[in-house]
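Reading the structure
Each chain, letter by letter, is given below.
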Amino acid sequence: MSGRFKPAVKTYTRPVTGTWWKENPFFLVYMAREATALFVFIYALVLLSGVISLALGQSTYEAWQALLTTKTSLVFHLVLLGLLAYHTYTWFKVMPKTTPQIDVAPQTIVKTGVLFTAGLSVVIVAVLFGVTR
Amino acid sequence: MQVITCDVVVVGGGGTGLRAAIAIAESDPKLTIALVSKVVPMRSHTVAAEGGAAGVIRGDDSLDNHFNDTVSGGDWLCDQDAVQYFVEHCVEELVQLEHWGCPWSRKDDGNINVRFFGGMTVQRTWFAADKSGFHILHTLFQTSIKYPGIQRYDEYFVADLILEDGRVRGVLAIEVATGEIVLFEAKAVILGTGGAGRVYRQNTNAGIVTGDGMGLAYRHGARLRDMEFVQYHPTCLPGSGILMTEGCRGEGGILTNKDGYRYLQDYALGPLDPWPRPKAMELGPRDRLSQAFWHEDQKGNTFKTPLGTAVNLDLRHLGEKKILERLPLITEAARVFAGVDPVTDPIPVRPAVHYTMGGVYANMTETEVPGLFAAGECSSVGIHGANRLGSNSLVEIIVFGKVAGERAAAYARTVPDGSSAGVRQQAEESASRLLALLKNDKGERVATLRDEMGDAMETGVGIYRSASGMKTACDKIAELRARYRAGIALDDHSRSFNTEWLTTIELGFMLEVAEAMAHSAYNRKESRGAHVRLDEYSTRDDDKFLQHSLATYTGEGPPAISYQPVTITKSQPRTRSYGGAGKQAVMT
Amino acid sequence: MTAETETRTIEIDVLRYDPDSGAPPRYQTYKVPFQHDTSVLVGLQYIKDHLDGTLTFRWSCRMAICGSCGTMINGIPQLSCHTFLRDYWPKKLRIDPLEHFPIIKDLAIDQTDFLNKLDSVKPYLIPKQDKPLSEGAYLQTPKQMEQYYNYSQCINCLLCYAACPQYGLTPTFTGPAALALLHRYNADSRDVGWSARSDVLNSEDGVWRCTLVGYCSEVCPKNVDPAHAINQNKVNSTLDYFGVLKLLSTVGFGK
């Protein structure tokens with residue numbers, strides 16, 4: 001950056017390595033947050049493929065449904081659920097840093113968010129359960 | 001040698017230097033200002049001031065109160081014309097800081113809040129929690145950025161002054177990063193270099209508080225005034241000397257000895273009740289409280305810590321909420337550095353050197369060298385006398401920093417442009433002396449001399465003094481100066497960022513300032529304020545010593561000590577008394 | 001001997017760099033005696049005073065307020081005056097200069113980049129109009145102060161820059177402390193300088209370079225929360241982009 005202060009002349013600049021994030025547990029947690037975002041994208045693709053199969057006709061859609069009920073798919077979904085839940089948690093964890101200056105403890109924001117999401121999920125599952133029964 | 005030409009050089013980037021630089025920029029935007037500091041300004045020691053700054057704003061207070069508290073606090077060694085100017089300008093400077101963004105603590109209605117400090121008739125201390133100096137410094141530093149006229153030279157160590165034809169012509173500095181020597185040619189120079197507390201072993205001061213400005217001016221013929229008056233702050237952590245602000249007591253903290261007894265009532269600061277009461281008990285002045293500690297120590301009423309004896313500074317009754325709101329810095333410092341939580345336990349404290357009341361003699365910041373101005377702790381403009389009142393120094397730096405800036409600007413406008421071969425010649429000679437120090441590899445280590453100096457001052461020129469003790473200190477400092485001249489061996493002979501070299505130059509200043517302190521003390525044959533003797537001169541002697549002392553540099557020998565009358569306008573010397581009967585005060 | 005006065009010895013590895021030789025930095029090991037209350041800074045001072053006068057580091061106040069003595073201690077940015085040798089013994093201790101800054105010599109880093117960035121955020125009060133001193137101080141309630149007070153506690157120690165991987169990867173990023181100070185003034189009820197500072201704030205090297213790692217706020221020795229200052233301003237920056245902020249600011253939003 002330019003400015004009125006000129007940098008010292010004879011300095012040594014240490015290189016930033018590609019593995020900087022391995023050197024501190026705090027950075028590992030950060031990378032875990034960023035990496036789990038990828039799985040949100042992956043699940044979006046799963047849902048998208050469902051929509052496409054629906055557009056392609058009943059037989060395709062039924063094949064897609066059948067695919068979902070395989071053991072591999074169930075394990076895949078369970079793993080994805082875990083990762084997505086973690087990512088959702090990290091999302092609320094950073095939420096206090098993004099709100100305006102308010103008189104609410106950061107932990108309260110995190111807890112409220114997590115509880116609200118968990119509650120909403122339960123409601124959605126219950127509704128879906130009711131509708132599909 | 002690189003030469004930088006400017007109108008005014010401000011030496012020191014603390015509160016004084018920054019306020020002076022802004023004053024110059026505001027009084028004449030055309031003037032070029034070089035703000036030269038051995039650290040980046042926000043590292044300056046102003047940052048560590050905690051308690052606050054005095055300014056009369058309460059309806060039940062008055063400028064006369066502030067004047068009288070200051071003059072009696074200084075045991076009538078204050079120049080009363082200077083004090084009058086000072087008290088009249090405190091509030092406007094504090095308001096100015098507020099307009100620049102300083103986050104002064106407020107009352108619920110949004111007005112400025114004030115707290116008690118020692119020796120005060122009425123609450124008068126503006127405070128920003130217990131980080132007042134920090135906020136003042138950062139406010140000034142950040143505000144200074146908006147003035148393009150202020151060219152900053154951060155981490156340039158000023159090692160010499162250059163004079164010609166009896167007036168100041170510039171300063172010689174070392175660029176710390178490269179070790180290059182730079183001449184700043186200027187029409188006026190302002191010293192805002194702070195105190196010299198580091199000449200003592202145990203002190204509240206930052207490592208940079210080494211009396212450089214005092215040493216610079218002294219060597220070039222400006223006299224050092226009232227140097228025997230060194231303030232011991234009564235409440236500091238044993239060992240490190242880290243300060244526990246007077247604001248602790250201003251908020252209602254108490255001092256107890258090892259038996260839990262509030263011992264100050266035994267030292268003319270009582271009676272205990274009603275409490276709290278202005279100018280009594282823990283709200284007494286610093287000199288009296290430090291002296292009381294000494295007596296308790298002699299009587300065996302203090303307790304031992306691994307780092308020295310101590311008494312208790314007890315805040316517990318204030319409650320966690322108030323402690324954390326008003327005293328967050330010292331709470332954290334006590335927890336980290338003493339392992340004590342003030343909310344649940346008393347803090348062990350003992351006195352440590354805090355402030356040099358004396359400094360470069362200056363009349364409204366003008367020193368005896370034409371073109372050389374001084375303000376803040378490095379100066380003696382005459383407002384502190386024999387003992388500074390808490391809260392007066394943070395206002396001093398802004399009130400007199402501004403005066404220094406305006407006067408230096410006015411002076412610079414009267415000086416014609418033009419450089420001089422003589423100035424360059426002198427600078428070259430001075431530079432070669434500095435480089436000779438750098439090359440030396442025979443002699444003693446700088447730390448050896450520094451530690452011996454600190455111990456000698458602590459022992460001989462401490463809270464209580466005697467002729468024999470002070471004589472020993474004078475002799476010891478003379479010996480150390482001789483050893484210094486014989487050579488300091490450096491491990492590091494390189495130019496870039498050589499802090500060993502800079503420390504050696506600082507030690508040179510410190511030894512000379514220490515010598516001025518010791519000799520001024522030895523020659524003052526009375527007791528007054530912070531200068532208290534145990535020998536036959538244990539009382540104040542207005543007939544002989546209602547006078548400022550002046551130390552004149554004589555080269556390798558000891559300083560010549562002379563005296564100068566004190567300016568008295570409206571307050572004739574009386575007995576200085578604290579404690580006694582009085583009304584209970586309400587802490588705000 | 002009690003634990004408080006007992007003297008033990010610890011080994012300290014310090015990264016050394018000599019600008020005159022220009023050779024890459026290397027570690028040098030020192031054996032330092034210490035007691036219960038010996039800070040890392042005092043350990044370094046012991047080396048300088050008694051073992052090796054060439055070892056170079058910055059320090060001043062010794063009480064965690066001047067911001068001079070930031071270093072990497074076992075890889076974590078910390079103030080050396082505020083960290084104690086007892087907490088590392090009996091293992092070795094490794095001291096590096098603050099991460100992401102060029103080294104001038106040993107532990108002294110070049111801080112000019114930060115000084116320029118500080119300049120760029122206009123860290124001073126920009127009032128609506130000049131207020132004469134005779135009118136006295138502004139009114140500001142404790143509630144209004146709360147909006148900016150935390151961010152005014154920054155001591156410019158640069159630990160947050162050493163903690164910020166984004167600053168390491170993209171040194172043009174304005175960075176945590178400077179952006180926190182930018183917000184400190186924006187959030188002050190006496191200030192109307194949003195538009196004067198918005199170029200820096202809204203730019204790619206402003207708040208948008210931050211990916212909310214959040215380590216800056218973790219390492220801050222004064223509990224300033226730069227991550228909060230930056231990320232709440234992503235919302236403000238967005239509102240500014242759509243012209244909504246101007247509307248909201250007329251009703252005192254965010255002050």
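Residues numbered from 1 in each chain as written. Chains lettered and ligands numbered in written order. Predicted model: local features only at pLDDT ≥ 70, side-chain atom pairs only at ≥ 80, totals over all residues. Heavy atoms only, no water.

**Some words on the overall build of chain A**
Going by this rule: Every helix listed is a DSSP run of H or I at least four residues long, and every strand listed is a run of E at least two residues long, numbered separately from the N terminus. As a reference, a globule follows 2.2 Å times the number of residues to the power 0.38, and the radius of gyration itself is taken over C-alpha atoms. Accessibility here uses a 1.4 Å probe with only protein chains present; expressed as a share of the type maximum, an area under 20% marks a residue as buried, one over 50% as exposed, and anything in between as partly exposed. Contact between two residues is taken to exist if any of their heavy atoms lie within 4.5 Å; hydrogens are not considered. Accessible areas in this description were obtained via Shrake-Rupley with a 1.4 Å probe; residue shielding takes into account the shown protein chains only. Here the positive residues are Lys and Arg and the negative ones are Asp and Glu; neither His nor the chain ends is included. For this purpose, a charge sits on NZ of Lys, CZ of Arg, CG of Asp or CD of Glu.
Within chain A, the regular secondary structure consists of four helices and zero strands. The order of α-helices and β-strands along chain A, N terminus first, is α-α-α-α. Against the 2.2 N^0.38 benchmark of 14 Å for 133 residues, chain A shows a C-alpha radius of gyration of 23 Å, more extended than a compact globule. Projected onto its principal axes, the C-alpha positions of chain A cover 70 × 40 × 25 Å. Considering chain A as a whole, with its 133 residues, one finds that 18% of them fall into the buried category. For chain A, the share of sequence-separated contacts (at least 6 apart) that also reach a separation of at least 24 residues comes to 46%. With an accessible surface of roughly 9500 Å², chain A has 75% of that area assigned to carbon and sulfur atoms. Of the side-chain charges in chain A, 11 are positive and 4 negative, and the distance between the mean point of each set is 12 Å.

**With respect to the side chain of Asn301 of chain B**
Residue and element names in this part refer to chain B. Mapped onto the elements of the fold, Asn301 is located in the loop between helix H7 (286–299) and strand E15 (303–305). Residue classification places Asn301 among the buried positions, given a relative accessible area of 18%. Not counting residues within four places of it along the chain, the set of residues in contact with Asn301 comprises Asn257, Lys258, Asp259 and Glu296.

**Here we look at the environment of Asp341 of chain B**
All names here are of chain B. Convention followed: Here a polar contact means two N or O atoms within 3.5 Å. Within protein one must be a hydrogen donor candidate and the other an acceptor candidate, and residues neighboring in sequence count only if both atoms are side-chain atoms.
Note that Asp341 resides in the loop between helix H9 (328–338) and strand E17 (347–356). Accessibility expressed as a relative area gives 23% for Asp341, which makes it partly exposed. When the C-alpha atoms of Asp341 and Arg316 are compared, they prove to be 9.4 Å apart, with 25 residues separating the residues in sequence. Within the structure, the side chain of Asp341 is placed 3.2 Å from the side chain of Arg335, a separation counted as a polar contact.

**Some thoughts on the nonpolar core**
Residue and element names in this part refer to chain B. The condition that has to hold: Within this scheme, the nonpolar core is defined by two criteria: the residues are buried Ala, Val, Leu, Ile, Met, Phe, Trp, Tyr or Cys, and they are joined through side-chain atoms within 4.5 Å.
Trp104 and Met244 are the most contacted members of the largest nonpolar core, which totals 178 residues. Among the elements that take part in this core, helix H10 (residues 392–414) stands out by supplying eleven residues, more than any other. When residues no more than four places from it in sequence are discounted, the contact partners of Met244 are Glu50, His233, Thr235, Cys236, Leu237, Leu313, Ile330, Ala333, Ala334, Ile347 and Val349.

**What about helix H13 (residues 467–486) of chain B?**
For an α-helix, 3.6 residues make a turn, and residues three or four places apart therefore share a direction. Residue and element names in this part refer to chain B. So the rule is basically this: Multiplying one less than the number of residues by 1.5 Å gives the expected span of a helix.
The end-to-end C-alpha distance of H13, which contains 20 residues, comes to 29 Å, matching closely the 28 Å that a straight helix rising 1.5 Å per residue would cover. Residues Met470, Ala473, Cys474, Ile477, Leu480, Arg481, Arg483 and Tyr484 constitute the buried set of H13. Tucked into the core, H13 has its buried residues touching helix H11 (421–439), helix H12 (446–460), strand E21 (464–465), helix H14 (499–523) and strand E22 (532–533). Looking at the residues trailing H13, positive phi occurs at Gly487, about 130 degrees.

**Some words on the domain arrangement of chain B**
Often, the extent of an interface is quoted as the loss of accessible area on bringing the components together. Residue and element names in this part refer to chain B. What counts is decided by this rule: Domain ranges listed in this record stem from an automatic or a database domain assignment. Computed with a 1.4 Å rolling probe, the buried area is the accessible surface lost when two parts are put together, summed over both parts. Salt bridges are defined as contacts in which a side-chain nitrogen from Lys or Arg sits within 4 Å of a carboxyl oxygen from Asp or Glu.
Domain boundaries in chain B define domain 1 (1–422 + 544–588) and domain 2 (424–543). Taking the mean C-alpha position of each, domain 1 and domain 2 sit 21 Å from one another. Tallying the contact residues gives 78 residues for domain 1 and 57 residues for domain 2. Overall, the association of domain 1 and domain 2 removes approximately 5600 Å² of surface from exposure, summing both partners, and the carbon and sulfur fraction of that is 59%. Glu506 is paired through a salt bridge with Lys38; the nearest N and O atoms lie 2.7 Å apart. Seen at the junction of domain 1 and domain 2, the total is 39 residue pairs in polar contact (both at pLDDT 80 or more).

**So, unusual backbone geometry**
Put simply, Gly270 of chain B and Pro271 of chain B share a cis peptide bond, and its omega is 5 degrees. The linkage connecting Trp89 of chain C with the following residue, Pro90 of chain C, adopts the cis geometry, with an omega of 5 degrees. With respect to the element layout, Pro90 of chain C can be found in the loop between strand E4 (76–79) and strand E5 (93–96). The backbone phi angle of Trp76 of chain B is positive, close to 65 degrees, even though this residue is not glycine. If you trace the backbone, Trp76 of chain B turns up in the loop between helix H2 (63–73) and helix H3 (80–99).

**Some words on the sheet that holds strand E10 (residues 181–185) of chain B**
All names here are of chain B. Worth spelling out the cut-off: Between any two strands, pairing holds if DSSP finds at least two bridges. Note on geometry: axes are lines fitted to C-alpha atoms, helical ones only across the stretch in contact, with angles between N-to-C directions running from 0 to 180 degrees.
What the four strands build is an open sheet, ordered E1-E10-E9-E8; its pairing is mixed. Strands with a single pairing partner mark the edges of an open sheet, and in this sheet they are strand E1 (2–5) and strand E8 (156–164). Pairs of neighbouring strands in the sheet enclose a mean axial angle of 25 degrees, with direction left out of account.

**Things to note about the pattern of salt bridges**
With the rule as written, the count across this model stands at 76 salt bridges over all chains. Residue Lys97 of chain A is joined to Asp225 of chain C by a salt bridge in which the shortest nitrogen-to-oxygen separation is 2.9 Å. Taken together, the residues span two chains, with Lys97 of chain A in the loop between helix H3 (71–94) and helix H4 (106–132) and Asp225 of chain C in the loop between helix H8 (215–219) and helix H9 (226–241). One salt bridge in this structure joins Arg209 of chain C and Asp205 of chain C, with 2.9 Å as the shortest N-O distance. Put simply, Asp75, Glu228, Asp287, Arg524, Glu526, Arg528, Arg540, Asp542 and Arg576 of chain B are held in one network by salt bridges that share partners.

**Brief notes about the interface of chain C and chain B**
Rules: Residues are grouped as follows: nonpolar covers Ala, Val, Leu, Ile, Met, Phe, Trp, Tyr, Cys and Pro; charged covers Asp, Glu, Lys and Arg; every other residue, Gly included, is treated as polar.
Taken together, the contact pairs 66 residues of chain C with 65 residues of chain B. A buried area of about 5200 Å², summed over both sides, lies between chain C and chain B, and 55% of it is on carbon and sulfur atoms. Counting the surface chain C buries against chain B, the share from its top three residues, Arg62, Met63 and Leu133 of chain C, is 14%. Linking chain C to chain B there are four salt bridges. The salt bridge partner of Glu98 of chain B is Arg190 of chain C, with a shortest N-O separation of 2.9 Å. Counting only elements with at least two residues in the side of chain C that touches chain B, the list comes to helix H1 (40–51), strand E6 (103–105), helix H2 (112–120), helix H3 (142–149) and helix H6 (176–186) of chain C. Class assignment of the residues belonging to the side of chain C that touches chain B gives a composition of 34 nonpolar, 16 polar and 16 charged.

**Here's the deal with the packing of aromatic side chains**
For any two aromatic rings, the description comes down to two numbers: the centre-to-centre distance and the angle of the planes. Residues and elements named next belong to chain B. Note the cut-off: Centre distance within 6.5 Å is the pairing criterion for rings of Phe, Tyr and Trp, where only the six-membered ring of Trp is used; planes under 30 degrees apart are then read as stacked, over 60 as edge-to-face, and the remainder as tilted.
Taken as a whole and judged by the stated rule, the model has 26 aromatic pairs over all chains. Measuring from centroid to centroid gives 5.1 Å for Tyr218 and Tyr553, while their planes differ by 70 degrees, and the two rings are edge-to-face. Of this pair, Tyr218 sits in helix H5 (residues 212–219) while Tyr553 sits in the loop between strand E23 (547–552) and strand E24 (560–565), placing them 335 residues apart in sequence. In this structure Tyr218 comes out as buried when scored by relative accessible area, which is 2%.

**Overview of the packing of H12 of chain B against H14 of chain B**
Residues and elements named next belong to chain B. Put simply, the rule reads: Under this scheme an angle from 65 to 115 degrees is roughly perpendicular, one under 35 degrees roughly parallel, and one over 145 degrees roughly antiparallel; angles in between are oblique. Here a crossing is called left-handed whenever its near helix is offset anticlockwise from the far helix by less than a right angle, and right-handed whenever the offset is clockwise.
With their axes 11 Å apart at the nearest point, H12 and H14 run at an angle of 20 degrees to one another. With respect to each other, H12 and H14 are oriented roughly parallel. Taken as a pair, H12 and H14 cross one another with a handedness that is left-handed. In this structure, H12 uses Val446, Leu449, Arg450, Met453 and Met457 to contact H14, whose residues at the interface are Thr503, Thr504, Leu507, Met510, Leu511, Ala514, Met517 and Ala518.

**Quick notes on the environment of Val171 of chain B**
If you trace the backbone, Val171 of chain B turns up in strand E9 (residues 167–175). In this structure the C-alpha to C-alpha distance between Val171 of chain B and Leu183 of chain B, which are twelve residues apart in sequence, comes to 6.1 Å.

**Brief notes about the sheet that holds strand E4 (residues 53–54) of chain B**
Residues and elements named next belong to chain B. With antiparallel pairing, the three strands of this open sheet are ordered in space as E4-E6-E5. Whereas interior strands pair on both sides, the edge strands pair on one side only; in this sheet they are E4 and strand E5 (114–115). Here two bridges tie E4 to strand E6 (residues 125–126), and the two strands are oriented antiparallel to one another. Looking across to E6, one finds that Ala54 is bridged to Thr125.

**Focus: H2 of chain B**
Residues and elements named next belong to chain B. Counted residue by residue, H2 has eight buried out of eleven residues, so it is predominantly covered. Every buried residue of H2 is listed here: Asn65, His66, Phe67, Asp69, Thr70, Val71, Ser72 and Gly73. Of the surrounding elements, those touching the buried residues of H2 are E4, H3 and H10. Phi turns positive, to about 55 degrees, at Asp75, one or two residues after H2.

**A few points about the packing of H12 of chain B against H13 of chain B**
Each packed pair of helices is defined by two parameters, the angle between the axes and the distance between the axes. All names here are of chain B. Between H12 and H13, whose axes approach to 8 Å, the crossing angle comes to 165 degrees. In terms of orientation, H12 and H13 fall into the roughly antiparallel class. Crossing of H12 against H13: the hand is left-handed. Only Gly469, Met470, Ala473, Lys476, Ile477, Glu479, Leu480, Arg483 and Tyr484 of H13 make contact with H12, whose side of the interface consists of Thr448, Leu449, Glu452, Met453, Ala456, Met457 and Gly460. Of the residues that constitute the contact of H12 with H13, the class distribution is nine nonpolar, three polar and four charged.

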